[in-house]
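Okay, here's what each chain looks like letter by letter:
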Amino acid sequence: MQKRSANASIWRIVNIIFRLLPIIIRFKKDRKKWIRKEGKSINEKSMRKNAKRATETFISLGPSFIKLGQWLSTRADLLPQPWMEELSKLQDDVPPAPFTEVKPIIEKSLGMSIEDAFSSFDTNCISGASLGQVYRARYKEREVIVKVNRPNIERIIEEDIEILKRLLPLAIKFIDKNIAFSAESMFNQFIESIYEEINYEIEADNLRRIKYNLRGENVIIPDVIEERSTKNVLTLEYIQGIKVTDLKRLDEVKIDRAKLIMFVHKIFFKMLLKHDIFHADPHPGNLAVSKDGKLILYDFGMVGRLDNETRLKLIRLYLALVEKDPRRTVDLLISLGTLQVDANRYVIEKGIELAIKTLHGTKVDEMEVNALMELANKTMSRFPFRLPKQLALYMRMASMLEGLYYTLKVEFRFVKVLRELLEEEGLIREAYIEEILYSIENIGKNIRDAITIAPILKSYLENNMMNGNNKNRDGLIAASIVSSSLFISSSLLLQSYPIFGQIGFGIASAIIVSSIIINKFR
C-alpha cells in the first residue's frame, strides 16, 4: 500500500513538473516584457493566451493549484495585468465533484443519513469552489446552504504542498531572484490559509467573531446552524442577495453604486484597522446586496489577522497618506518591512509624492512621471518593494477591493473613504499618540547615541589638553560644549523639522573636525 502511494506521488510530481514547466517559461518571458515596457505597447493577446493556458492547467491539476491561482490573481507585484485578469476567473465556477462522492462525506461527518439530517436536500451543486462545494437544503423549515469539503481534500493538499515546497525555490531562481522574498512570504501565508480553509470549525468561529465585531453596521452575515456543522460540513442560514457586480440588477433596485463601493471599502478597512480579524477574500462571489441596500458577506474561510504593532503602523501609514507626507510614508514602509532599506529614498519619496497627488485627485504632470521613471531605472533596483508574510492577506484584500470599483464603473477616491473612517473610528487620535510615542523613543535613542559620543570626545579632549596650551584647551572645551549641545538639540529637531536637525548635526560635526584640525596644526 505504501509502495503504491509512493509510486502515485512520484507520478504526481512528474505530472506537475511536466504541466507547469511550459507555464513557467511563458510566464518568465511575459513578465520580462511587461517590466521592460512598463505595461505599454505589449502583445496583450499573446499574454492573455498564455495566462488562459495557465488557468486551464491549474484547474486540471486540482484544488491546491486552483487556490494557488486565486492567490496569484491578486498579486500585481508578481504578475502582469493580463495574467492577473485571466487567473481571477478561477474565483467562481470551478467544476464540482460528483454528488455520489460528496454524499458519504456529509453523512459520515454528521453521523446520520442526509434524509435524517435535512428536511430536503438539492443534490445540484450551486457553487463549486476550489476546496469545497455548496448545496441548497431545508432544515427545520429554514432555507440553508450546506458547504462540504471536496473528497480526499486533506491528503491532496498535503501531497501538493510538499511538491510545491520543492519546486518553488527553483522556479523563483529561474524567473527572477528579485521576487524571492515576496513569493516566499506569499507561499508561507498561502499554506497557513489553505489548511484553515478546509477546517469548517475555524470558518464558523471566524464568522461569529466578524459578525460580533460588525454588529450595528448595515451588514448581513448568515447564522451558523451549529447542530449541522462539523470540521468537514458547514451549514449556514441561506440569505439571497444581488451579486455586487450585477450592474443591471443593482440599477433596477436603485442601489447607488458609488455609495455602495464607498461602504464596502469602509467596512473592510474598518475590519483591518479597528478589529482583530478581517475578511480577506472579498471577490464578487462573496459579496452581495439585499434589496434594501444592506451588504451581505459570505465565506469566512480566508481571514487575516494583524498583531497590534503592525495594525498601528498601518494606521500611521494611512494617516501619512491622508496628510500628504511622503517622508513619513517611506519611514513607515521601511518599518513595516515592505521597502528595502537600501532603496533610493529620494526616488521613492518622489514617486509616493506623485501617487499621493493622484489619490487626492490632483492631476500629475506626465513629463514629471516619465522623468522620475527614467531616474528610477538608472538609480535603483526595479524591485525595491517586498511583501512580508503578515501582510500577504492584507494585500490580497486590498487588491480585490481595488478591482471592485473598476467593475462597478464609478468615480472613487479611496483617500476620502480613508479620511472619514479614521475620523469616525477615532483612529486619528490613536495614530497621533503612536507618532508621539515613536518620536519620543527615537529622541531617546538619538540622545543615547549623543551621550555615547561624550566619553570618546572627553578622552580626546583630555589627551589634547595635557599636551596643549590654555588657548587650545579653552577652544576645545568650547567646541565640546557647543557640539554636544548641537548633537542633542538636533536629535530633537530631526523628529519634527528634519532639515534643521540635519543642519545641526552638520554644524556640530564641522565644529569638532575644525577643532581637531586647528589643534593639530597649532
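From a predicted model like this one, the values you see are computed outputs, not experimental measurements. (Residues numbered from 1 in each chain as written. Predicted model: local features only at pLDDT ≥ 70, side-chain atom pairs only at ≥ 80, totals over all residues. Heavy atoms only, no water.)

## Observations concerning helix H8 (residues 180–197)
Helical periodicity: at 3.6 residues per turn, an α-helix aligns residues three or four positions apart in one direction. With 18 residues, H8 extends 25 Å between its outermost C-alpha atoms, agreeing within 8% with the 26 Å of an ideal straight helix rising 1.5 Å per residue. Inspection of H8 places Ala180, Ser182, Ala183, Ser185, Met186, Phe187, Gln189, Phe190, Ile191, Ser193, Ile194 and Glu197 among the buried residues, and these make up the whole buried set. Next to the buried residues of H8 lie helix H3 (63–72), helix H7 (153–175), helix H9 (200–213) and helix H16 (392–407). (Helix = DSSP H or I, 4+ residues; strand = E, 2+ residues; numbered from the N terminus. Expected span 1.5 Å × (residues − 1). Buried < 20%, exposed > 50% of the residue type's maximum accessible area, 1.4 Å probe, protein only. Contact = heavy atoms within 4.5 Å.)

## A look at the packing of aromatic side chains
This model, assessed by the stated rule, comprises 11 aromatic pairs. Following the ring pairs from residue to residue traces out a cluster consisting of Phe99, Phe118, Phe121, Tyr135 and Tyr139. If you follow Arg136 out to its NZ or CZ, it ends over the ring of Tyr238, 4.0 Å from the centre. (Phe/Tyr/Trp six-rings, centres within 6.5 Å; stacked < 30°, edge-to-face > 60°. Lys NZ or Arg CZ within 6 Å of the ring centre and 35° of its normal.)

## Quick notes on the pattern of salt bridges
In the structure shown here, the tally under the stated rule is 32 salt bridges. The closest approach of N and O atoms between Glu86 and Arg48, which form a salt bridge, is 3.5 Å. Of the two residues, Glu86 is situated in helix H4 (residues 81–87) and Arg48 in helix H2 (residues 44–61); the sequence distance between them amounts to 38 residues. Of the charged contacts in the structure, one is a salt bridge between Lys231 and Glu154, with a shortest N-O distance of 3.6 Å. Placement of Lys231 in the loop between strand E5 (219–220) and strand E6 (233–237) and of Glu154 in helix H7 is noted, with a sequence separation of 77 residues between them. Take Lys231: its relative accessible area is 34%, and that puts it in the partly exposed class. (Salt bridge = Lys/Arg side-chain N within 4 Å of Asp/Glu carboxyl O.)

## A look at the environment of Arg316
Tracing the backbone shows Arg316 in helix H12 (residues 308–322). A sequence separation of 112 residues divides Arg316 from Ile428, and the C-alpha atoms of the two residues are 8.3 Å apart.

## As for the packing of H7 against H8
Running from N to C, H7 and H8 cross one another at 175°; their axes reach a closest spacing of 11 Å. If you check the angle between H7 and H8, you find them roughly antiparallel. Contacts between H7 and H8 involve Ile157, Glu158, Ile161, Leu164, Lys165, Leu168 and Ile172 from the first element and Ala180, Ala183, Glu184, Phe187, Phe190, Ile191, Ile194 and Tyr195 from the second. Taken together, the residues that form the contact of H7 with H8 break down as 12 nonpolar, no polar and 3 charged. (Axes fitted to C-alpha atoms, helices over the stretch in contact; angles between N-to-C directions. Parallel < 35°, antiparallel > 145°, perpendicular 65-115°, else oblique. Nonpolar A, V, L, I, M, F, W, Y, C, P; charged D, E, K, R; others polar.)

## Points about the pairing of strand E3 (residues 132–139)
Within E3, 6 of the 8 residues are buried, which leaves it mostly tucked inside the rest of the structure. A loop of 3 residues connects strand E2 (residues 127–128) with E3, the two strands running antiparallel in sequence. Direction of pairing for E3 relative to strand E4 (residues 142–149): antiparallel, over a ladder of 8 bridges. Bridging from a neighbouring strand, Tyr139 pairs with Arg142 of E4. Where E3 hands over to E4, the hairpin turn is made up of 2 residues, of which Lys140 adopts a positive phi near 50°. (Pairing = 2+ DSSP bridges.)

## Remarks on the sheet that holds E5
Spatially, 4 strands are ordered E5-E10-E9-E7 in an open sheet, and the strand pairing comes out mixed. Edge positions in the sheet fall to E5 and strand E7 (242–243), since each of these pairs with one other strand and no more. As paired elements, E7 and strand E9 (residues 287–289) share 2 bridges and run antiparallel to each other. By the bridge assignment, Ile242 is partnered in E9 with Val289. Each of E5, E9 and strand E10 (295–297) is contacted by helix H11 (residues 257–274), which is oriented at about 45° to E10, the strand it contacts most.

## Focus on the pairing of E6
If a strand is regular, its side chains alternate between the two faces of the sheet. Most of E6 is tucked away, with 4 of its 5 residues classed as buried. Where E4 meets E6, 5 bridges bridge the pair, whose relative direction is antiparallel. Across the sheet, the residue bridging to Val148 is Val233, located in E6.

## Description of the packing of H2 against H3
Axis separation between H2 and H3 bottoms out at 5 Å; the angle between their running directions is 145°. Judged by residue contacts, Phe58, Ile59 and Leu61 of H2 engage Pro63, Phe65, Ile66, Gly69 and Leu72 from H3. Of the residues belonging to the contact of H2 with H3, the class tally is 7 nonpolar, 1 polar and no charged.

## Describing helix H17 (residues 414–424)
For H17, the complete set of buried residues consists of Phe414, Val415, Val417, Leu418, Leu421 and Leu422. Within H17, the buried residues cover an arc of 155° as seen down the axis, which keeps them to one side. Seen from the open side of H17, the exposed residues pointing more than 90 degrees away from its buried face are Glu423 and Glu424. (Arc of directions from axis to C-beta.)

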